[in-house]
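Geometric and topological summary
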Amino acid sequence: YDPNQIEITVQNFLQVDDSTVWVSTELGMYIFNIEKNAFETIKKRSYDPYSISTNILSNIYKDRENGIWICTYAGGINYYSPFQLFRKYYTYPGNNVMQGDLVHDICTDQYNNVWIATEDAGINKYNPETKQYTNYQPLTNNRGISHSNIHGMVADGNKLWIASIDGAIDVM
């Protein structure tokens with residue numbers, strides 16, 4: 001819903017609880033309260049370090065701790081916790097950093113690692129406990145992904161199923 005009747009491209013939905021649905025769009029995040037039949041909008045605010053990094057959003061994922069991971073185009077990842085303001089993860093020069101800012105998908109595995117699928121830098125594995133990143137690029141170091149443009153992932157036990165833009169399905 002947009003009161004100005006601007007066309008909105010919806011990317012994904014996430015039902016957070018019985019009364020709340022988050023809707024990621026290319027114009028920001030819309031949070032719909034089912035009981036009140038009302039929307040709240042979260043948009044990037046320039047010069048506000050606690051707002052989301054961009055309005056162009058893609059996938060949304062809820063983790064075991066009820067934190068919400070928001071994938072973006074050219075804004076890395078935004079993480080929302082009920083206990084703190086937005087935390088941002090994105091590429092910058094240096095060691096032990098996330099690679100790629102065009103994030104398509106995100107999931108966690110049974111070990112609580114965060115897997116990040118990007119369009120421009122393959123896959124990142126982030127260990128929140130150690131705060132360490134591991135980047136997986138196509139066929140480097142025998143890590144076995146076939147393309148750097150990843151569009152979907154599913155963690156299944158000890159396996160990570162990966163879908164790339166060229167239609168390939170890899171398993172790590």
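Up top is the structure.
Residues numbered from 1 in each chain as written. Predicted model: local features only at pLDDT ≥ 70, side-chain atom pairs only at ≥ 80, totals over all residues. Heavy atoms only, no water.

**Side note on the overall build of the protein chain**
Spelled out, the test is: Labels follow the DSSP assignment, with helices taken as runs of H or I lasting at least four residues and strands as runs of E lasting at least two, numbered in each case from the N terminus. Based on C-alpha atoms, the radius of gyration is set beside the globule rule, defined as 2.2 Å times the residue count to the power 0.38. The classification of residues rests on relative accessible area computed with a 1.4 Å probe and restricted to protein chains. Under 20% of the type maximum is buried, over 50% is exposed, and intermediate values are partly exposed. Working rule for contacts: check all heavy atoms of both residues, and any pair within 4.5 Å makes them a contact. Here the accessible surface of atoms and residues is derived via Shrake-Rupley with a 1.4 Å probe, and residues count as covered only by protein chains that are part of the display. His residues and chain termini do not enter the charge count, which takes Lys and Arg as positive and Asp and Glu as negative. Where a charge sits is defined by one atom per residue type, namely NZ (Lys), CZ (Arg), CG (Asp) or CD (Glu).
Broken down by element type, the protein chain carries 0 helices and 15 strands. Relative to the globule expectation of 16 Å for 172 residues, the C-alpha radius of gyration of the protein chain, 16 Å, shows essentially globular dimensions. If you line up the protein chain on its principal axes, its C-alpha atoms span 50 × 30 × 30 Å. Burial analysis of the protein chain (172 residues in total) assigns 42% to the buried set. For the protein chain, the proportion of contacts with a sequence separation of at least 24, taken over those separated by at least 6, is 36%. As displayed, the protein chain offers around 9500 Å² of accessible surface, 49% of which is attributable to carbon and sulfur atoms. Distance between charge centroids for the protein chain: 7 Å, based on 12 positive and 19 negative side chains.

**Here's the deal with the pairing of strand β2 (residues 20-25)**
Stated precisely, the cut-off is as follows: Whether two strands pair comes down to DSSP finding at least two bridges between them.
Extensive coverage of β2 is indicated by the burial of 6 of its 6 residues. Burial of β2 is two-sided: the residues Thr20, Trp22 and Ser24 facing one way and the residues Val21, Val23 and Thr25 facing the other way are all buried. Strand direction decides the pairing type here: strand β1 (residues 10-17) and β2, joined by 6 bridges, are antiparallel. By the bridge assignment for β2, asparagine 12 is matched with serine 24. Note: β2 against strand β3 (residues 28-33), 6 bridges, orientation antiparallel. Opposite valine 21, over in β3, you have phenylalanine 32 as the bridge partner. Hairpin connection between β2 and β3: a loop of 2 residues separates the two successive antiparallel strands.

**Examining the sheet that holds strand β6 (residues 68-72)**
Note the threshold: The convention used is that axes are lines fitted to C-alpha atoms, helices contributing only their stretch in contact, and that angles between N-to-C directions extend from 0 to 180 degrees.
Overall, antiparallel pairing links the 4 strands, which are arranged β5-β6-β7-β8 in an open sheet. At either margin of the open sheet sits one strand with a lone partner, and together these are β5 (57-62) and β8 (84-89). Adjacent strand axes in the sheet meet at a mean angle of 20°, parallel and antiparallel pairs treated alike. Taken together, the 4 bridges between strand β7 (residues 77-81) and β8 define a ladder with antiparallel strand orientation. If you follow isoleucine 77 over to β8, its bridge partner there is tyrosine 89.

**Looking at the packing of aromatic side chains**
Test applied: What counts as a ring pair is set by centres within 6.5 Å for rings of Phe, Tyr and Trp (its six-membered ring), and what kind of pair is set by the plane angle: stacked under 30 degrees, edge-to-face over 60, tilted for all other angles.
Under the counting rule described, the total for this entry stands at 6 aromatic pairs. A centroid spacing of 4.3 Å and a plane angle of 50° characterise the contact between tryptophan 69 and tyrosine 79, whose relative ring orientation is tilted. Taken together, the residues tryptophan 69 in strand β6 and tyrosine 79 in strand β7 connect sequence positions 10 residues apart. Note on tyrosine 79: relative accessible area 9%, which makes it buried. Plain terms: the ring middles of tyrosine 126 and tyrosine 133 are 4.7 Å apart, the flat faces sit at 35° to each other, and that makes the pair tilted. In this pair, the class of tyrosine 126 matches that of tyrosine 133, namely buried.

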